[in-house]
Amino acid sequence: CSTQRQTPTHPPSVPCRRSAAHCSRLPFNPLDSGPGCSRWASRESLRLEPLADVALLPGEERVTDKDIIYICPFAGALKGKVFITNYRLYFRSNDDPSVILDVPLSTIGRVEKMGGASSRGENSYGLDITCKDMRNLRFALKQEGHSRRDIFELLFRYAFPVSHGLQLFAFLSQEKYEENGWNIYEPVDEYRRQGLPNDKWRITFINEKYELCDTYPTKLVVPYKASDEDLRRVATFRSRSRIPVLSWIHRENQAVIVRCSQPLVGMSGKRNKDDERYLDVIREANGTPKLTIYDARPNVNAVANKATGGGYEGDDAYQNAELVFLDIHNIHVMRESLRKLKDIVYPNVEEAHWLSSLESTHWLEHIKLVLSGAIQVADKVSSGSSVVVHCSDGWDRTAQLTSLAMLMLDSHYRTLRGFQVLLEKEWISFGHKFTSRIGHGDKNHADQERSPIFLQFIDCVWQMTKQFPTAFEFNERLLVVILDHLYSCRFGTFLFNCESVRDANALRSKTVSLWSMINADSSSYVNPFYTVESSRVLYPVASMRHLELWVMYYIRWNPRIRQQSQSPMEQRYRELLALRDQYVKKLEELQMSEDPSSPHLTNNSTPSATSPRQRITHLHTPF
């Protein structure tokens, strides 16, 4: 296969030659295994064929295995054996070299029976499996004796444990890591890093028992002039009691990003003096002439929300505020857009009509609107004006906008650990509904709450890394790993809808954090081109001409794309860095072996001026 550029202009064509690489995982696919157990699985595993070529995770147990035919869309029908554990589906073909499939069961969104006992035609009887990670799997079995019944029932049971009263896989894992990833984010420490509290803003513990708002975190930053009683009154006028609270403050100009939900204006145009005064206090905190309220919704949707008791901040009530609608569509529109995208990228890419097909999905158009909105937020704050951001309930589009704006404004969030803090803070602690949007362990694939909001955010981050290749400490692999474990349920990081439910399920003590695994191998996720620029604000170009389809994620199951997991330039640069480190080490060893009285080792006022390490580390390649 020839090398293919990652642009929507030139789609990858799909060869159908038979190769182990065609169906095995990407070289950097992190889903190596996962845990889970049951007494039934323990007894059955004693009678199963050894699974020699894959290491089970601590806590992962075999459930069954079966001879089966995998209908590979790239290599045709492949005979082999499928192994099912309480974490994954693992298929190995009988060919040499073998074709491998390794799929965490929680990545499966739907399992359906294909054909019936009277079906005619080769390989027409079996199972159709739809996955959440942009691929579908089809297996064929022999038609005699209800041969698929047992495997269908087991797959259905272990892929959708919540629907069967079973625990999610993360609660059965026995993985151990040196670092506890749950400690990566400490709210008070993060607010202190931002310079909070100060004479204008304070940290309140009013929500310590989730009594003010059950979908907010326990520690909130609010205006110093607002009492806890003021907060309670404001909560009555905001959807789900999600009051305006600080997400980020600019160290120099003290402008802030505040997030919340829509006001409960309703059809009658209700007003709330406490809410109006509260927003004015936010405006006054840094002397902003006019507070800008960014409503993520299209204007027509915000007006329609009045019929269900919601609405937006009107000019008459909020006279010191300016309302801007960002025209980002709702979860249902985004779900349909991703469905259309999947149709054109898996399994085959139609080259003849690629541009028109991609345009018809509107996926990049939605990415553009989200990025454009975040740029407006970041630009306003950078210029010294405070902003309020909300959508309907403040946990979907709001999280996209605040976190992307913070990524543009604050270089700390562009580091490997800082990005983990950003996700923990703006997405996890502030109540993005991961369970509802992803459907962890739930068989109801048609649930209208499902939507790729977090995937869309990660796509926007990837777009930024493409436009600013030296500004991010982390690489593309990190983004892919995060998305894969968004679905896998191997870790507890993305489970449940909010902090109160996580606490009720003792998530931090009973599951492992994804950051434990990532930080145990942090070098694998580092961008070799990264250059520290602490004060730089990033303004990506949110133009359709500059946005690309993320081929290495959406089309990665295509065997042609799999061969492009790392660019030749990045690979060569890594080799040069490794070579440099070797020479530095040799020079240091030579120095250490010299006579201690050697002038090279004497202390002086400029000890590093002649140091080989100092000379070498100052030779940065100017990207």
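This structure is a prediction, so every number in the text was calculated from the model and none was measured.

For this particular structure, what's the right way to read the overall build of the protein?
A tally of helices and strands in the protein yields 22 helices and 14 strands. A buried classification covers 57% of the 623 residues belonging to the protein. Expressed as a percentage of contacts within the protein between residues at least 6 apart in sequence, the contacts between residues at least 24 apart total 72%. On the protein, roughly 26800 Å² of surface is accessible, and the fraction owed to carbon and sulfur atoms is 49%.

Hey, could you run me through the packing of helix H10 (residues 363–382) against helix H14 (residues 453–467) in this one?
Geometry of a packed helix pair, given as the angle between the helix axes and the separation of the axes. Two elements in contact, H10 and H14, have axes separated by 10 Å at closest approach and are oriented at 75 degrees. Classified by the interaxial angle, the pair formed by H10 and H14 is roughly perpendicular. Along the contact surface, H10 presents Trp363, Leu364, His366, Ile367, Val370 and Leu371, while H14 presents Leu455, Gln456, Asp459, Cys460, Gln463 and Met464. In terms of residue class, the contact of H10 with H14 is built from eight nonpolar, three polar and one charged.

Looking at this structure, how should I read empty space enclosed by the protein?
To find leftover empty space, a probe the size of one water molecule is rolled over the atoms. A full pass over the atoms with the stated rule returns two cavities of 30 Å³ or more. In this structure, the second largest cavity encloses a volume near 40 Å³. As for the second largest cavity, its lining consists of Ser411, Arg414, Ala471, Tyr530, Thr531, Val532, Glu533 and Arg536.

Just checking my understanding: could you explain the sheet that holds strand S3 (residues 88–93) for this structure?
Strand pairing in a sheet takes place through backbone hydrogen bonds and is either antiparallel or parallel in direction. Overall, antiparallel pairing links the seven strands, which are arranged S4-S3-S2-S1-S7-S6-S5 in an open sheet. With partners counted over all chains shown, the strands left at the sheet margins are strand S4 (100–104) and strand S5 (108–114), one partner each. Neighbour to neighbour, the strand axes of the sheet diverge by 30 degrees on average, direction disregarded. Relative to strand S6 (residues 126–131), S5 runs antiparallel, the two being bridged by six bridges. Across the sheet, the residue bridging to Glu112 is Asp128, located in S6.

So what exactly am I meant to see when it comes to the nonpolar core here?
In globular proteins that are soluble, nonpolar side chains generally tend to be buried together. Counting 124 residues, the largest nonpolar core has Phe419, Phe454 and Tyr554 as its most contacted members. Considering each element in turn, this core owes the most residues, 10 residues, to H10. Setting aside residues no more than four positions away along its own chain, Phe454 makes contact with Leu423, Trp427, His432, Phe434, Ile482, Leu483, Leu486 and Phe494. With 35 residues, the next largest nonpolar core counts Val221, Leu231, Val256 and Ala317 among its residues.

I keep staring at the packing of aromatic side chains and nothing clicks. Help me out?
Two descriptors summarise a pair of aromatic rings, namely the distance from one centre to the other and the angle between the planes of the rings. Applying the stated criterion to the full structure yields 26 aromatic pairs. Residues Phe156 and Phe160 carry aromatic rings whose centres are separated by 5.1 Å and whose planes lie at 70 degrees to one another, so their mutual orientation is edge-to-face. The class of Phe156 is partly exposed, set by a relative accessible area of 22%. In this structure an aromatic cluster arises from ring pairing among Phe419, Trp427, Phe434, Phe454, Phe457, Phe472, Phe474, Phe494 and Trp515. Lying over the aromatic face of Tyr413, Arg193 brings its terminal NZ or CZ to 5.1 Å of the ring centre.

How do you make sense of the side chain of Asp459 when you look at a structure like this?
Residue position: Asp459 is located in helix H14. For the buried Asp459, no salt bridge exists, and the shortest N-O distance to an oppositely charged side chain is 11 Å, to Lys466. Discounting residues that sit within four places of it in the chain, Asp459 has contacts with Trp363, Ile367, Trp550 and Tyr554.

The rules behind these values
- Residues numbered from 1 in each chain as written.
- Predicted model: local features only at pLDDT ≥ 70, side-chain atom pairs only at ≥ 80, totals over all residues.
- Heavy atoms only, no water.
- Helix = DSSP H or I, 4+ residues; strand = E, 2+ residues; numbered from the N terminus.
- Buried < 20%, exposed > 50% of the residue type's maximum accessible area, 1.4 Å probe, protein only.
- Contact = heavy atoms within 4.5 Å.
- Areas by Shrake-Rupley, 256 points an atom, 1.4 Å probe, with all protein chains shown as cover.
- Axes fitted to C-alpha atoms, helices over the stretch in contact; angles between N-to-C directions.
- Parallel < 35°, antiparallel > 145°, perpendicular 65-115°, else oblique.
- Nonpolar A, V, L, I, M, F, W, Y, C, P; charged D, E, K, R; others polar.
- 1 Å grid on protein atoms, 1.4 Å probe; cavity = no way out; pocket = protein on both sides within 12 Å on 5 of 7 lines; lining within 4 Å.
- Points joined across faces, edges and corners; volume = space filled by probe spheres on them.
- Pairing = 2+ DSSP bridges.
- Core = buried A, V, L, I, M, F, W, Y, C linked by side-chain atoms within 4.5 Å.
- Phe/Tyr/Trp six-rings, centres within 6.5 Å; stacked < 30°, edge-to-face > 60°.
- Lys NZ or Arg CZ within 6 Å of the ring centre and 35° of its normal.
- Lys, Arg positive; Asp, Glu negative; His and termini not counted.
- Salt bridge = Lys/Arg side-chain N within 4 Å of Asp/Glu carboxyl O.

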